Amino acid sequence: MNQKKLFLVIVAVVSPLLLFIYHVTPDLSEEQSIEWTKRLAELESNLEHLQSLYRVKQEDVTILSQYLGLAPNVTLNSNIIDNLSSDTQNVIKNISQKTSMAAVRLPSVSNFLPHLVQDMDALKPIYLVSRNRKDVSIVLGIPSVKRIKQSYLIGTLDNLITNMNEEEQNETLIVVFIAETDLDYVELVAKEIEIRFSLYVENGLIEILSPSPSYYPSWDKLKITLNDPQERVKWRSKQNLDFAYMMAYAQTKGTFYVQLEDDILAKSGFITIMKNFALEKTAKRTTPWFVLDFCQLGFIGKMFKSTDLPYLITYFQMFYNDQPVDWLLEHLIYTKICNWDKAMKACKVEKSKIWIHFRPSLFQHIGTTSSLKGKVQKLKDKQFGKINNFYPHVNIPATVKTNIATYKSYTLQKAYSGDNFFWGLLPQAGDTLQFTFLKPTIVKKFLFRSGNFEHPSDRFDTNTTVEVAPVERLVPSSEHHLNVTSDGYVIVGTFNLFGIAEGTVDKKIGAIKEMRLRVHGDSENWIILSEILIAGPKR
C-alpha cells in the first residue's frame, strides 16, 4: 500500500471516530466530557502530525524522481525501477509526468545558507546516538555548548528525568544537541551522558546529536548588525542556526516540540502538565495556538506543534544574521497576526490568542556562566517559586564534625538533619567529614550527593572515599576481601565523576559505630553536600 492510500485509510478510520466523539459528548457527565474532549484533541493533533509526515514522504518521492531524471518518454524498464514495488513505480511515473515541463524553482535552504552547496553532507550529523524512538507526545530539545567555567548539562538532565514518572518517560524524547565542531569535545560530553544515563540512552529516552562543521557558515563573513560586537553577532547567529537544526531533526519524531536550555530546572510532572494544557487549548477550537509558554525567560519552555516548526526553521534561516532568536519569534508572531492599521494594543490582544502563557512557570533558569565570553546571566523566573538546593532525609541519629572550614551557616549538622546543604571551603588532603552514631547500627545503604544546581562544580571527585568503622575492628586480610585502612576503617565506596557516592555495606562488616568521608587530594573548588542519606535496617 503506498503512502497516499495509507494516509486516506487513516483519515477514513479516524474522522468518523472524531465525529462520533464530538456528538456523544453532550450525553456524558462533565468529567467524562472533559476526558473525551482531551482525547479528541489528542487524536486531532496526532492526525495533523501524520499529515506532515505524509507530505515529507511525498517530497522524498519527488526528489527521487528528479534525481533519476525521469520524464514521460522514459519507460520503467531500468534495473532500479524494476526493483521497486508497482505502487512506487506508479507514483514515480505520475510525478515525473507532472514535473517534466519547466517548473518554477522556489527558494530552498541553499538560498539562505549558500555555503551548504559546497558540501553534500553538510546537513548530516557528525555524531548521533539514537535508538530511533518516534511517535512520542513531546520532544524536548536541549542545545548545549562549551562554557568557560562550568557545565550544567548533567544536572539539567538528571533534574528533568527525576521529575518524570515512567509513563511520562515513555511518551517523551530528550534530544541533546551538542552544538560544537570539535569532535573530541563532542565525544567527551556524549560519553559523560552515556555513562551517567546509560539506562535512558539505551531505552531511547535520550538522544545525542551534533552537526557537521560544514553546516555553519564562515563566521568572519557575517554582517555586523544591531551595532553589536562581532563576537556577539557570531554567538546569536550560531544560536539561530542551532535552533533551526534541532527543530528540523525533531519535527518528525513527536506531536509537540519544547525548546529548553542546558541550565534549567523543571517542576515535578511537567510533561503531563504541558501535554494536558496543549490538548486543552487545541480542543477549544478557537484561534489555533502557535506558542505555549511555560517559562517567562527567553526561549526556555516554548512549546510548538511539530507541524508548525517549518515556519520557525525557515524564518531562523532567513534572518539568522540579523536578530537574536527570541526577537525573531516575536517578529514572526507579529507578522502572522498584527494589523498595522490598528494600534499596538490591538496587536497585543491578537498575539495573546496564539501565544498563550501558562502560570506558574514550569522551568527555572539556573546558569550564571554564559557561553558568550564575558556575559553573566542572573535572570530568574519569579513565577517558578523557591528552588531547594538540597535533598532532605531522616538519617540514623549521630553527632557530626568536620575539619573543613564552613561557609556562613551552611553547617554539616544542618545538612545531616535535612535542613540545608553543607558548604565548605577548599578541602585538602586528609580532611574528613565524620558521622558518629549514637548507637552502633547496621547500615543498609548510603548516598552522598555533592554539588547542587547553582554550583555544580563544588563537588567531591574520585579522590574522596566513603569509609566505615566497625564495632569489631577488622585487620587487612585476603580472606574477607575488604579494603581496610591502617586505622581500622573499611572503604565501602568512592565518589564518581559526577560527585555522587552511593552503595551498600557488606554484611560481613557487622554493626558500625562511625561513617566518614575522607579526602585524599587537595581541591581547587569549594565543596557542597546537597544530599546525605545513611539508612539503617527497616523497623
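Described in the following lines is the structure provided in the data block. Keep in mind that this is a model prediction, so the values were computed, not measured.

### Focus on the overall build of the protein
Then, in step 1: Summing up its helical and strand segments, the protein has 15 helices and 19 strands in all.
Then, in step 2: Counting over 539 residues, the protein shows a buried share of 47%.
Then, in step 3: Nonlocal contacts in the protein, meaning residues at least 24 apart in sequence, comprise 76% of its contacts between residues at least 6 apart.
Then, in step 4: With an accessible surface of roughly 28,300 Å², the protein has 53% of that area assigned to carbon and sulfur atoms.

### A look at the pairing of strand 3 (residues 172-178)
Then, in step 1: For strand 3, the tally of buried residues reaches seven of seven residues, placing the bulk of the element in the interior.
Then, in step 2: Side chains Thr172, Ile174, Val176 and Ile178 project from strand 3 onto one buried face, and the interleaved Leu173, Val175 and Phe177 project onto a second face that is buried too.
Then, in step 3: In this sheet, strand 4 (residues 206-210) lies alongside strand 3 in parallel orientation, the contact comprising four bridges. Looking at strand 4, one finds that Ile174 is bridged to Ile206.

### Some thoughts on the nonpolar core
The tendency in soluble globular proteins is for nonpolar side chains to be buried side by side.
Then, in step 1: Grouped together as the largest cluster of nonpolar side chains are 49 residues, with contacts concentrated most on Ile193, Met274 and Phe363.
Then, in step 2: Broken down by element, this core gets its largest block of residues, seven residues, from helix 11 (residues 270-283).
Then, in step 3: Leave out the neighbours within four places in its chain, and Ile193 touches Leu153, Ile154, Leu157, Val176, Ser198, Val201, Ile206 and Ile208.
Then, in step 4: In terms of nonpolar packing, the next biggest core, distinct from the first, is built from 41 residues, Leu173, Ala179, Leu222 and Ile313 among them.

### Here we look at the pairing of strand 13 (residues 432-441)
Then, in step 1: The pairing of strand 11 (residues 398-402) with strand 13 spans five bridges and is antiparallel. Bridge pairing links Ala398 to Phe437 in strand 13.
Then, in step 2: Direction of pairing for strand 13 relative to strand 18 (residues 512-519): antiparallel, over a ladder of six bridges. Of the residues in strand 18, the one forming a bridge with Leu433 is Leu517.

### Details of the packing of helix 10 (residues 230-250) against helix 12 (residues 309-319)
When two helices pack together, you describe them by how their axes are tilted relative to each other and by the distance separating the axes.
Then, in step 1: Relative orientation of the contacting elements helix 10 and helix 12 amounts to 155 degrees, with a least axis distance of 9 Å. Between helix 10 and helix 12, the interaxial angle falls into the category roughly antiparallel. As helix 10 packs across helix 12, the resulting crossing turns out to be left-handed. Within the contact between the two elements, helix 10 uses Asn240, Phe243, Ala244, Met247 and Ala248 and helix 12 uses Leu309, Leu312, Ile313, Phe316, Gln317 and Phe319.
Then, in step 2: Taken together, the residues of the contact of helix 10 with helix 12 break down into nine nonpolar, two polar and no charged.

### A closer look at the sheet that holds strand 1 (residues 127-129)
Then, in step 1: Strand order in the open sheet formed by eight strands is 1-4-3-2-5-8-7-9, with mixed pairing between adjacent strands. Looking at strand neighbours, the two that pair on one side only are strand 1 and strand 9 (355-357), the edges of this open sheet. Averaged over all pairs of adjacent strands, the angle between strand axes in this sheet comes to 20 degrees, irrespective of strand direction.
Then, in step 2: Both strand 1 and strand 4 contribute to a ladder of three bridges, which runs antiparallel. Bridge assignment links Val129 to a residue of strand 4, and that residue is Ile208.
Then, in step 3: Across the sheet, helix 13 (residues 325-337) touches strand 7 (291-293), strand 8 (302-305) and strand 9, and the angle it forms with strand 9 is around 120 degrees.
Then, in step 4: Against the sheet, helix 14 (residues 344-354) engages strand 7 and strand 9, with an angle of about 70 degrees to strand 9.

Reading guide: rules and limits
- Residue positions are given per chain, counting from 1 as you read along its sequence in written order.
- pLDDT decides what is reported in this predicted model: residues at 70 or higher carry local features, side-chain atom pairs at 80 or more are listed and counted, and totals for whole chains, interfaces and linings draw on all residues regardless.
- Side-chain calculation: all heavy atoms of the structure are included, whereas hydrogens and water are not.
- Helix numbering and strand numbering both begin at the N terminus, where a helix is a DSSP run of H or I of at least 4 residues and a strand a DSSP run of E of at least 2.
- Here's how the labels work: a residue is buried when its accessible area is under 20% of the maximum for its type, exposed when over 50%, partly exposed in between, all with a 1.4 Å probe on protein chains only.
- Any pair of residues with heavy atoms lying within 4.5 Å of one another is described as a contacting pair.
- The Shrake-Rupley method, run with a 1.4 Å probe sphere, supplies the accessible areas, and residue values consider only the shown protein chains as cover.
- Whether two strands pair depends on DSSP finding at least two bridges between them.
- For our purposes a nonpolar core is just a set of buried Ala, Val, Leu, Ile, Met, Phe, Trp, Tyr and Cys residues, chained together by side-chain atoms within 4.5 Å.
- Simply put, an axis is a line fit to the C-alpha atoms, just over the touching stretch for a helix, and the angle between two N-to-C directions goes from 0 to 180 degrees.
- In these notes the angle categories are as follows: under 35 degrees is roughly parallel, over 145 is roughly antiparallel, 65 to 115 is roughly perpendicular, and the rest is oblique.
- When the near helix sits turned anticlockwise from the far one by under a right angle, the crossing is termed left-handed; a clockwise turn instead gives a right-handed crossing.
- Only Asp, Glu, Lys and Arg are considered charged, only Ala, Val, Leu, Ile, Met, Phe, Trp, Tyr, Cys and Pro nonpolar, and every remaining residue, Gly among them, polar.

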